[in-house]
Amino acid sequence: MPFDRFLNWLLDWFHAWLLRWEATGLELWALMAAWLLLVLASWLVGWLRKRRRGQAILAALRAGSRGTIEFRRGPGAWGFVAAVTPAPDPFREFSVSFRAMSIFDPVDCLRRLAGAPSSRLHIWAILQRTPEAELVWERGQLPARALGRGPGRTLWEIHRLSLGGAEYATRGLNAGALRHAFTDLHARFYAGLQRVVVQREGAPQFEVVMAGSALEVHEVSALLTTIRALGRAAQIG
């Protein structure tokens, strides 16, 4: 093959290879752009859903507590931390934290894969009077203090719930009313209830944690009513 024909063949081959590379490069850039747009659209959908969910929970909290919401953090698409003033009876202080998560938000998905807790509603409070009876319960496990790893282990009594067979611990001379109120709370909100604590010492004195995704907005008022009944029962001597 003469050198000029070989050179022309080499130039033609290089030109064809360059055209194929440019086409492949354009396809790659188009794929990356489409993926980026999909991620942004998914994040926006998740952000809007979390914002709407937080606003609905906040409105239900205002209606159910009949108090003024004083924000400590937020509100935002992620949720809020706030105090209710005046605190609903029988509490002296009443605070609520709501954290929102969405399966549409890529960041939330990564947080879930890393072991971060899901969406939740966290209520902690201080009663007007020191509780006469105490109770500790956590989904899936028995509190450490009732297992002998905390003070006063001989004073705790272990009970088993009929729904789900969960165990909880109480302490106090007259814990019957508190047990009844807790059984009602557990039965009504079994699907989302995660932790309940009523204690004389330590912080928080009163605590209820709910999985936010398992709580319907129209149930917030009933949840607050049941929590107030639990607080009153803890002060019965």
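Chains are numbered independently. Their residues run from 1 in the order of the written sequence. Residue-level local features of this predicted model are given only where pLDDT is at least 70; pairs of side-chain atoms are given and counted only at 80 or more, and the full residue set underlies all totals for whole chains, interfaces and linings. The side-chain figures draw on all heavy atoms in the structure; neither hydrogens nor water molecules are used.

K.L.:
Honestly, the packing of aromatic side chains in this entry has me stumped. Any pointers?
P.N.:
Ring pairs (aromatic) are described by centroid distance and by the angle formed between their planes. Between rings of Phe, Tyr and Trp, where Trp is taken as its six-membered ring, a pair exists when centres lie within 6.5 Å; planes separated by under 30 degrees are stacked, by over 60 edge-to-face, and by other angles tilted. Under the criterion given, the structure shown has six aromatic pairs. Aromatic side chains F91 and F206 sit 4.9 Å apart centroid to centroid with 70 degrees between the ring planes, which places their arrangement in the edge-to-face category. One end of the pair, F91, is in strand β3 (residues 91-99); the other, F206, is in strand β9 (residues 206-211), with 115 residues separating them in the sequence. On the numbers, 4.9 Å between centres and 55 degrees between planes, the contact of Y168 with F182 is tilted. Remark: F182 occurs in helix α3 (residues 176-188) and Y168 occurs in strand β7 (residues 167-171); sequence separation between them is 14 residues. Over the ring of W78 we find R73; its NZ or CZ atom is 4.7 Å from the centre of that ring. Secondary structure elements are defined from DSSP: runs of H or I of at least 4 residues count as helices, runs of E of at least 2 residues count as strands, and each element is numbered from the N terminus. Our definition puts a charge over a ring when NZ of Lys or CZ of Arg is within 6 Å of the ring centre and also within 35 degrees of the ring normal.

K.L.:
What should I look at first to understand the pattern of salt bridges in this one?
P.N.:
When the charged atoms of two side chains with opposite charge come close together, those side chains can pair. The term salt bridge refers to a side-chain nitrogen of Lys or Arg lying within 4 Å of a carboxyl oxygen of Asp or Glu. If you walk through the whole model with that rule in mind, you get five salt bridges. In this structure, D89 and R232 form a salt bridge, with 3.4 Å as the shortest nitrogen-oxygen distance. Here D89, found in the loop between β2 (79-85) and β3, pairs with R232, found in helix α4 (residues 220-234); they are 143 residues apart in sequence, far enough to count as distant. Relative accessibility thresholds used throughout: buried, under 20% of the residue-type maximum; exposed, over 50%; partly exposed, between the two (1.4 Å probe, protein chains only). Its relative accessible area of 38% is what places R232 among the partly exposed residues. For E167, the salt bridge identified is with R160, shortest N-O distance 2.8 Å. Exposure remark for R160: the relative accessible area of 58% places this residue in the exposed category. Connected via shared salt-bridge partners are E138, R195 and E207.

K.L.:
Mind showing me how you'd approach α3 here?
P.N.:
Given 3.6 residues to a turn, an α-helix orients residues that are three or four positions apart in the same direction. Take the number of residues in a helix, subtract one, and multiply by 1.5 Å to get its expected span. A rise of 1.5 Å per residue sets the reference length of α3, with its 13 residues, at 18 Å; its end C-alpha atoms lie 19 Å apart and thus fit the reference within 8%. L178, A181, F182, L185 and H186 are the residues of α3 that are buried. Down the axis of α3, the sector holding all buried residues measures 135 degrees, keeping them to one side. Residue contacts follow a heavy-atom distance rule, with two residues in contact if any of their heavy atoms lie within 4.5 Å. Tucked inside the fold, the buried residues of α3 contact β5 (134-138), β7, β8 (193-198) and α4. In this context, the arc is that of the directions from the helix axis out to the C-beta atoms.

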